[in-house]
Amino acid sequence: MNNEKTKGIVTRLLSAAGITVNGNDPWDIHVYNDDFYARALYEGSLGLGESYMEGYWDSLRLDEFFYKILRSNLDKRVRRSLRLKMDILLARVFNFQRPARATRNGQQHYDAGNDLFQNMLDKRLTYTCAFWDNAATLDEAQENKLDLSCRKLQLKPGMHVLDIGCGWGSFAKYAAEKYGVTVTGVTISKEQVALGQQLCAGLPVTIRLQDYRLLNEKFDAIVSLGMFEHVGPHNYSEYMKVAARCLKDNGLFLLHTIGGNETVAFTDQWLNKYIFPGAVIPTIRQIGQAIEGIFVMEHWENFSVNYDKTLMAWFENITANWDKLKSRYDQTFFRMWKYYLLSCAASFRARHSQLWQIVLSKNGLPGGYHFAASRENSGLTYANAIKP
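A quick note: this is a predicted structure, and the numbers were derived from the prediction, not measured.

Visitor: I keep staring at helix α7 (residues 138-152) and nothing clicks. Help me out?
Guide: Since the α-helix turns once every 3.6 residues, residues separated by three or four places project in the same direction. Counted at 1.5 Å a residue, the expected span for α7 with its 15 residues is 21 Å, and the 21 Å between its end C-alpha atoms agrees. Judged by how many residues are buried, α7 sits mostly within the fold: 12 of 15 residues are covered. Looking only at α7, the buried set comprises L138, A141, Q142, E143, K145, L146, D147, L148, S149, C150, R151 and K152. Each element contacted by the buried residues of α7 is listed here: α8 (170-179), β6 (219-225), β7 (247-260), β8 (296-302), α13 (304-320) and β9 (353-361). Backbone geometry just after α7 places Q154 at a positive phi near 55°.

Visitor: Mind showing me how you'd approach the sheet that holds β9 here?
Guide: Reading across the sheet, the 7 strands line up as β5-β4-β3-β6-β7-β9-β8 and stay open at both edges, with mixed pairing between neighbours. With partners counted over all chains shown, the strands left at the sheet margins are β5 (205-209) and β8, one partner each. The average undirected angle you get between the axes of adjacent strands in this sheet is 15°. For strand β4 (residues 182-187) and β5, the ladder comprises 5 bridges, and the chain directions are parallel. Bridge pairing in β5 places V183 opposite V205. Of the strands in this sheet, β7, β8 and β9 are in contact with α13, which crosses β9 at around 120°.

Calculation criteria
- Residues numbered from 1 in each chain as written.
- Predicted model: local features only at pLDDT ≥ 70, side-chain atom pairs only at ≥ 80, totals over all residues.
- Heavy atoms only, no water.
- Helix = DSSP H or I, 4+ residues; strand = E, 2+ residues; numbered from the N terminus.
- Expected span 1.5 Å × (residues − 1).
- Buried < 20%, exposed > 50% of the residue type's maximum accessible area, 1.4 Å probe, protein only.
- Contact = heavy atoms within 4.5 Å.
- Pairing = 2+ DSSP bridges.
- Axes fitted to C-alpha atoms, helices over the stretch in contact; angles between N-to-C directions.

Here you go:
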């Protein structure tokens with residue numbers, strides 16, 4: 001197919017989503033290299049993302065550009081490339097999240113550099129969706145999320161909590177300081193362990209470099225914030241079995257995860273290559289199948305629109321702090337990171353992606369499940385907790 005015909009097809013597709021090539025609206029696309037059209041048409045999301053990183057095109061409001069594409073379901077109107085079809089087939093056959101590979105996958109993203117995340121995230125380094133009700137800043141919104149998570153787990157002083165995929169220890173530090181609990185966290189990122197141990201020094205918090213599959217201890221409660229997306233469909237059942245064997249019979253398990261509307265075996269090609277290798281977004285059906293016969297679902301809540309606002313706050317932080325980072329990260333990396341944050345924000349805005357908090361018990365709580373609707377009604381004052 002010649003260049004003019006390819007250009008015409010892509011231009012018409014974008015026009016159907018309300019996007020004009022070289023137009024004047026902030027969500028319009030400006031093309032600087034005509035090779036963009038063939039790459040977008042034949043290589044799909046991978047070609048679209050790589051051509052953006054290489055400067056072939058741009059948009060003043062990349063988040064709105066993607067919002068319009070997703071809201072109009074334009075992504076489903078482009079034929080899958082042979083490469084994508086092969087990737088999907090391989091993902092269905094092979095376990096791309098087995099222990100050795102899972103470690104490499106996690107390190108590619110989370111070991112990119114602590115300075116990057118320190119300049120992007122809140123003061124506690126919470127790399128999951130914030131909750132923005134009654135919050136004016138990212139710091140406040142992340143504390144909202146951490147406190148709500150503690151209340152949903154019904155934490156009390158003296159409890160021992162397991163944090164699967166603990167990151168830099170933001171939940172562990174908060175729960176130890178404010179709720180007086182002991183926390184053991186596991187992650188497969190060396191960078192997170194090193195910095196997390198420093199941030200939690202002096203508190204009853206242990207952060208270990210360990211794959212979740214090796215856990216075999218008993219805890220009063222379990223939390224997992226933003227880690228299940230890295231588990232992979234081949235391992236969902238094993239993940240739940242590990243959580244069940246580590247949870248005391250009367251304990252609660254809080255699973256915080258991005259969720260998808262349709263079951264897939266393989267994630268977006270560009271995100272898989274550059275941002276989250278091996279990550280797959282679970283669906284309600286997949287989670288339901290994984291917990292069947294293992295856990296009772298006590299509570300399920302969707303906070304998806306909060307992730308849009310969180311990702312935009314992260315993007316604003318990266319942009320504001322780029323002068324501190326550009327000596328270590330080049331312009332191609334900045335465009336890659338911008339593309340990641342803004343395309344993901346658009347996915348939540350368009351309601352293609354969800355954010356779920358799910359509370360699970362092993363046997364069902366007698367009398368039903370209840371949690372304090374606010375910090376003030378939690379029954380725990382900060383005076384009861386360990387002082388930071």
